[in-house]
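Per-entry structural report
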Amino acid sequence: MRKLLFLLLLPAFFTANIVVSTEQDVELTAKQQYEITSTIYSNYYTNLPTNPNVYEQIPTYTSLKLEKVAGNLTPNTSIKLSELQVNEQGIPVFKLADGKFVPADKRMIYDDVVQSSIAVFQTMWLKPSFVVYNQAFVNGTKEVKTNLLPYHSVKITQLAETASGKYAYVEGKGWIDMKYLSDTDNRMDKVQEILRSKYNKTDYSIYVKQLNSGKTAGINPDVEMYSASVAKLLILYYAQKQLNEGKYRLSSGLKYIPAVNDYSGAYDTEGSGSISKKSDNKEYSIQDLMNHIAKESDNAATNILGYYITNQSDSTYQTTIKQIAGKKWDVEKRDASARMAGNMMEAIYKQNGDIINALSQTNFDEQRISKNINVKVAHKIGDAYDFKHDVAIVYANSPFVLSIFTNHADYDTISKIADDIYEVLK
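Residues numbered from 1 in each chain as written. Predicted model: local features only at pLDDT ≥ 70, side-chain atom pairs only at ≥ 80, totals over all residues. Heavy atoms only, no water.

This part takes up helix 6 (residues 299–309). Side chains that are three or four residues apart share a direction in an α-helix, a result of its 3.6 residues per turn. Of all eleven residues in helix 6, ten are buried, a share of seventy percent or more. Those residues of helix 6 lying buried are Asn 299, Ala 300, Ala 301, Thr 302, Asn 303, Ile 304, Leu 305, Gly 306, Tyr 307 and Ile 309. Looking at the buried side of helix 6, the elements it contacts are helix 4 (232–244), strand 17 (253–255), strand 18 (283–285) and helix 5 (286–296). Residue Asp 298 occupies the N-cap position of helix 6, its side-chain oxygen lying 2.9 Å from the main-chain nitrogen of Ala 300. Phi for Asn 311, located one or two positions after helix 6, is positive at around 55°. (Buried < 20%, exposed > 50% of the residue type's maximum accessible area, 1.4 Å probe, protein only. Helix = DSSP H or I, 4+ residues; strand = E, 2+ residues; numbered from the N terminus. Contact = heavy atoms within 4.5 Å. Polar contact = N/O pair within 3.5 Å; in protein donor to acceptor, adjacent residues only side chain to side chain.)

Here the structure, examined in full by the defined rule, presents 16 salt bridges. Here Glu 245 ties to Lys 247 by a salt bridge, and the two come within 3.2 Å at their closest N and O atoms. Between Lys 416 and Asp 420 there is a salt bridge, with the nearest N and O atoms lying 3.4 Å from each other. Here the residue Lys 416 and the residue Asp 420 both occupy positions in helix 10 (residues 411–425), the gap between them amounting to four residues, near one helical turn. For Lys 416, a relative accessible area of 41% translates into the label partly exposed. The class for Asp 420 is buried, based on a relative accessible area of 12%. A single salt-bridge network, built from bridges that share partners, covers Lys 198, Lys 416 and Asp 420. (Salt bridge = Lys/Arg side-chain N within 4 Å of Asp/Glu carboxyl O.)

What follows is about helix 10. For helix 10, built from 15 residues, the straight-helix expectation of 21 Å at 1.5 Å per residue is met to within 8% by its first-to-last C-alpha distance of 21 Å. Three or more residues of helix 10 are buried, namely Thr 413, Ile 414, Ser 415, Ile 417, Ala 418, Asp 420, Ile 421, Tyr 422, Val 424 and Leu 425. Packing partners of the buried residues in helix 10 comprise helix 3 (187–198), strand 14 (204–210), strand 21 (387–394) and strand 22 (400–407). (Expected span 1.5 Å × (residues − 1).)

It is worth spelling out the packing of aromatic side chains at this point. Applying the stated criterion across every chain yields a total of 13 aromatic pairs. Relative to Phe 94, the ring of Tyr 45 has its centre 5.4 Å away and its plane inclined at 45°; by these criteria the two rings are tilted. With Tyr 45 in the loop between helix 2 (30–41) and strand 1 (52–54) and Phe 94 in strand 5 (residues 92–96), this residue pair connects regions lying 49 residues apart in the sequence. A residue is classified by how much of its surface remains accessible, and Phe 94, at 0% relative accessible area, is buried. (Phe/Tyr/Trp six-rings, centres within 6.5 Å; stacked < 30°, edge-to-face > 60°.)

Right, let's get into the sheet that holds strand 11 (residues 165–170). Paired through backbone hydrogen bonds, the strands of a sheet run either parallel or antiparallel to each other. Read from one edge to the other, the open sheet built from six strands follows the order 9-12-11-10-8-13, with strand pairing classed as antiparallel. Looking at which strands have only one partner, the edges of the open sheet turn out to be strand 9 (132–133) and strand 13 (181–182). Pairing of strand 8 (residues 116–126) with strand 13 involves two bridges; the strand directions are antiparallel. Bridged to Leu 126 within strand 13 is Leu 181. (Pairing = 2+ DSSP bridges.)

A complete count under the given rule lists one cavity of 30 Å³ or more for this structure. Estimates place the volume of the largest cavity at around 90 Å³. Around the largest cavity sit 13 residues that line it, and Ala 231, Ile 235, Gly 265, Tyr 317 and Val 331 are the ones nearest its centre. Of the residues in the lining of the largest cavity, the class split is eight nonpolar, three polar and two charged. (1 Å grid on protein atoms, 1.4 Å probe; cavity = no way out; pocket = protein on both sides within 12 Å on 5 of 7 lines; lining within 4 Å. Points joined across faces, edges and corners; volume = space filled by probe spheres on them. Nonpolar A, V, L, I, M, F, W, Y, C, P; charged D, E, K, R; others polar.)

As a further point, take the environment of Lys 209. Position of Lys 209 relative to the elements: it lies in strand 14. The sequence separation of Lys 209 and Lys 173 amounts to 36 residues, and the corresponding C-alpha distance is 31 Å. Leaving out residues up to four positions away in the same chain, Lys 209 has contacts with Met 188, Gly 214, Lys 215, Thr 216, Glu 346, Pro 399, Phe 400 and Val 401. At 3.1 Å, the side chain of Lys 209 and the side chain of Glu 346 are in polar contact.

Given below as structure tokens:
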């Protein structure tokens, strides 16, 4: 009966709003009347919304006439409607369960329900400050406690949209606002946060690159220091390049003559390694030399290999290294940054040659980056004066480059930095 009354009153209500003067008749065509009344009609409900909510605070009234204010309704609070009526002015009005009244106006009140929903199967990554809900957010939604953590991956099985936004269902957990989900691995954001909060020191040059995503993080990644034996990566890369191009074989022999210790880029043979400190005119295979360099950081082996393979650090060699490192790496001064060293290690990783195995089984695996990490680590250390460095490929589920250059630090500090980063990226 009330619905019928509502429909009967609508023409009178709309006509009253259309005719603004009694001094002159206003004649409208049927089409014009329909267009006007349908527009006004569309602003009001014809039935009770399932889950009413308000866009902003609105007043409630003591009677159907909507004359005296009784209180107000605020967004995202429980609103219970009992029926829809039409007052004497022809205005559709909701009667609330507590006996108060509000206009049944869609411009004030909306039906807060899921507007659309689709099934998906997608991996996403949590951002900080997310909240988990028991349903896609509508009026009456409640928070859910879970063990989910930022910067971790989750499985999304459903997407839904409500008046509040877009939400994703995390399998077995609950609903999260899409604003707090990333469709790409965002763990490097956490790595950067850790580096900035714990290791932001002028004596550190740190560079991290996730190889699958290409995302990077770092502290002073372009600050250069004396690179010491890290510079041997250049010769290892170039040797592997020559092998891959068929210019040499692993079994090729290179003779240890006096000249190999006296060219631009040669190391002092009194440093580390087990090969004779003085030339012995013996031949050493490229494979043996690469193993001595990678595993022992052997200076004499570096000189022999570098003398022949790089043609005494010729311009072609230096240009090639500059292109990969991203900046000139002087073969005598050996100053470089963590990023430059990381770029070289990434290039070796992409070669996927035998040298990776040697770099994964060195005499220095119980210290620095690899000390506490329980997956494969291919790395090259460097020590000189107060400089202590390590550059590595860490073969986590998503492999990453980690390059740590330090001045006035110790091996345990390098291990701690590596452990913190691995804990995020493992």
